[in-house]
Amino acid sequence: MEARDKKERVILTTAVMACVISLIIMFAVLYLYDGESTETKTIDFTPPPFDTAAVRGTPEVPEELGWSEIDAKVYRASVCSVVIAEGGKADVWLTNPEDNEVWLKLRLTGSDGQVLGETGIIRPGEYVQSVKLNTEAESGEAVSMKLMGYEPETYYSAGSVTLNTSIEEEKGE
């Protein structure tokens, strides 16, 4: 019986010592931690503006522009697969259906990743015909259209979809 009591005391003493050592280490770390050892980056976010050219409703788009609906699972949108650049603008006919619960924006980039132009935010039930171009786009140039969804008010991402196409010749050519 005495050997058993001695064994239990050793186990209990070891457990208490382990707890005491753990507490000492925990307090030492908390005391010595100054909060500056880890870097925290704050990213300044400026919400994109709403597009001033947005029109309420659904557009009537010429059939030859390949205007069709895209299902991004969280939201739907309609845009043209044929992009025509003319007069410093590119017609994309970006449409945010009325029943969507997200805001949409479209960014047009060249094959080198340079931003050629972008829309502002459009609300559900609105559309934008054109994207103002920052640089001249040439016929046949490969471009990507990145469609970005935002949760209203918070601007949290609702996902994005990228479509690859090319700039077509100007109307009437």
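The structure presented is a predicted model; accordingly, all values stated were derived computationally and were not measured. Sequence positions are assigned chain by chain, starting from 1 and proceeding in written order. Two thresholds apply to this predicted model, a pLDDT of at least 70 for residue-level local features and 80 or more for giving and counting side-chain atom pairs, whereas whole-chain, interface and lining totals are computed over all residues. Side-chain metrics rest on all non-hydrogen atoms present in the structure, leaving aside hydrogens and water.

1. With respect to the pattern of salt bridges
The criterion, for reference: Salt bridge, as used here, is a side-chain nitrogen of Lys or Arg placed within 4 Å of a carboxyl oxygen of Asp or Glu.
Taken as a whole, this structure holds 6 salt bridges when the rule is applied. Here Arg76 makes a salt bridge to Glu69, at a shortest N to O gap of 2.4 Å.

2. Focus on the pairing of strand 4 (residues 83-86)
Let me state the cut-off plainly: For two strands to be treated as a pair, DSSP must find at least two bridges joining them. Helix numbering and strand numbering both begin at the N terminus, where a helix is a DSSP run of H or I of at least 4 residues and a strand a DSSP run of E of at least 2.
Bridging between strand 4 and strand 10 (residues 157-168) involves 2 bridges; their strand directions are parallel. Bridging across to strand 10, Val83 finds its partner in Ile167. Bridge analysis of strand 4 against strand 5 (residues 89-96) gives 3 bridges, and the strand direction is antiparallel. Paired with Ile84 across the strands is Asp91, a residue of strand 5.

3. Some details on the packing of aromatic side chains
For clarity, the threshold we go by: For Phe, Tyr and Trp, where Trp contributes only its six-membered ring, two rings pair if their centres lie within 6.5 Å, and the inter-plane angle classes them as stacked under 30 degrees, edge-to-face over 60, or tilted in between. Buried means the residue's accessible area, taken with a 1.4 Å probe over protein chains only, is under 20% of the maximum for its type, while exposed means over 50%, and partly exposed covers the values in between. The rule for a charge over a ring is simple: NZ of Lys or CZ of Arg within 6 Å of the ring centre, and within 35 degrees of the ring normal.
Scanning the entire structure with this criterion turns up 4 aromatic pairs. Aromatic side chains Trp93 and Tyr127 sit 6.0 Å apart centroid to centroid with 25 degrees between the ring planes, which places their arrangement in the stacked category. Placement of the pair is Trp93 in strand 5 and Tyr127 in strand 8 (residues 126-132), with a sequence separation of 34 residues. In this pair, the class of Trp93 matches that of Tyr127, namely buried. Seen from their ring centres, Tyr150 and Tyr155 are 6.2 Å apart, and the 65 degrees between their planes marks the pair as edge-to-face. The ring centre of Phe50 lies 3.8 Å from the NZ or CZ of Arg123, which sits over that ring.

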